[in-house]
Amino acid sequence: MSTRIGTYLSTAADLLRGGDIVAIPTETVYGLAADAFNPEAVLKIFTTKARPSFDPLIVHIGRMEQLGCVVLELPEGAERMMNVFWPGPLTLVLPKRPEVPDIVTSGLDTVGVRMPAHPMALELLSNLDFPLAAPSANPFGYVSPTTAQHVADQLGERIPYILDGGACNVGVESTIIGWEAGEWRLYRPGGVPVEAIERVLGVSLSTAGGDPSGVEVPVQAPGMLESHYAPRKPVQVGDLDELLKAHNGQRIGMISFSKTYPVHRSEVLSPSSDLKEAAQKLFAALRMLDASDCDVILAERFPEEGLGRAINDRLRRAAAKR
Ligand code: TXA
Ligand code: MG
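Residues numbered from 1 in each chain as written. Chains lettered and ligands numbered in written order. Predicted model: local features only at pLDDT ≥ 70, side-chain atom pairs only at ≥ 80, totals over all residues. Heavy atoms only, no water.

K.L.:
Tell me what's going on with unusual backbone geometry, and back it up with residues and numbers.
P.N.:
That bond from tryptophan 86 to proline 87 is cis: its omega, -10°, falls within 30 degrees of zero. One non-glycine residue, serine 273, lies in positive phi territory at about 55°. Take serine 273: it is sitting in the loop between β13 (265-268) and α10 (275-291). Taking relative accessible area as the criterion, serine 273 reaches 40% and is therefore assigned partly exposed. (Helix = DSSP H or I, 4+ residues; strand = E, 2+ residues; numbered from the N terminus. Buried < 20%, exposed > 50% of the residue type's maximum accessible area, 1.4 Å probe, protein only.)

K.L.:
An account of the domain arrangement of the protein is needed here, citing residue identities and associated values.
P.N.:
When its domains are assigned, the protein resolves into domain 1 (4-207) and domain 2 (235-319). Centre-to-centre, using C-alpha coordinates, domain 1 lies 27 Å away from domain 2. Domain 1 puts 25 residues into the contact, and the matching count from domain 2 is 15 residues. Between domain 1 and domain 2, a total of about 1600 Å² is buried, with carbon and sulfur atoms accounting for 54% of that surface. By the criterion of area lost to domain 2, the three top residues of domain 1 are Val143, Val172 and Pro189, representing 30% of everything that side buries. Counting every contact that joins domain 1 to domain 2 gives one salt bridge. (Domains from an automatic or database assignment. Contact = heavy atoms within 4.5 Å. Buried area = accessible area lost by both parts, 1.4 Å probe. Salt bridge = Lys/Arg side-chain N within 4 Å of Asp/Glu carboxyl O.)

K.L.:
How would you explain the site of ligand 1 if you had to name every residue and give the values?
P.N.:
Lining the immediate environment of ligand 1, one finds 25 residues, of which Thr28, Arg51, Asp55, His60 and Ser174 sit closest. Aspartate 55 places a side-chain nitrogen or oxygen 2.9 Å from an oxygen atom of ligand 1. Side-chain polar atom of arginine 188 to an oxygen atom of ligand 1: 2.9 Å apart, as the coordinates give it. With the chains in place, 98% of the 680 Å² that ligand 1 exposes on its own is no longer accessible. The dominant element in the shell around ligand 1, judged by the number of residues it contributes, is strand β6 (residues 110-114), at four residues. (Near = heavy atom within 4 Å. Polar contact = N/O pair within 3.5 Å; in protein donor to acceptor, adjacent residues only side chain to side chain. Areas by Shrake-Rupley, 256 points an atom, 1.4 Å probe, with all protein chains shown as cover.)

If you want it as structure tokens, here you go:
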């Protein structure tokens, strides 16, 4: 199959209506989309990404009227969060309608749903009469794509069309929260800072557990695997001066927040120490260093606030042993 990269919404829409898969831009990362109500189309997502069937997908809607076809009820606070953060990088895990195919939710009785903020994604959705199930458009376990070319590099031959919406401006995946046992819990830090959600809810998100990031892995969401978002080269995260000493003599590929280091390859994510800019550039930097001739990737630990929390989470998973 020869892949085309282009900006034709009608091509993307025709393929999706015909039960095919299309890579689409969102403000967070590129997604690999299919008609959420067509189980055969959704199956193509899983085979193309080599994604295990136990890892549920996020359903993307383009307008609020579509919510009722996907979720059964809105728990306390859900509507307020949708009003504030949608369209945008927040996924809510909510009780699902029985019509949502089991393959989308891995048989769970909940569904992850969000309204993406990318104008092209919204326009595509407005031309379709079904929502789109879409995980990130990368082979399972690898770093998510933030440009159309990233998608083409890895899945190019396996996808009929990649809708090119430029570089993603958030750069890390959506924040995922779920309603469980009468409270909101954080499943994955992401593009909406946890502090902003807590301000809207007026309570702290529950993040109990022994996980170093403070994020507990929900038992029924095995997609939150420890080793994920991972380059092929070894990754170490911590204090850069200490890491440099420990890796003396090696070809270092380095990811730092704002300071340049005299190493083999240095990727500075934001010279002005802006966490938003750093998040935007994180995955492209990881991909670049993974493709380079460095021996090891050393990454700085970011401030644990705002988007720094999502950056640290992805770096920690990138460094986890497989
Ligand atoms: O920003 C994003 O969220 C991107 C763009 C394309 O929207 N999507 C994305 O999808 O990151 P994915 O599949 O790579 O990650 C979604 C995660 C999965 O790891 C899955 O475990 C979790 O969401 N998830 C989905 N539905 C769930 C559910 N019902 N309960 C718990 N976790 C769920
Ligand atoms: Mg993913």
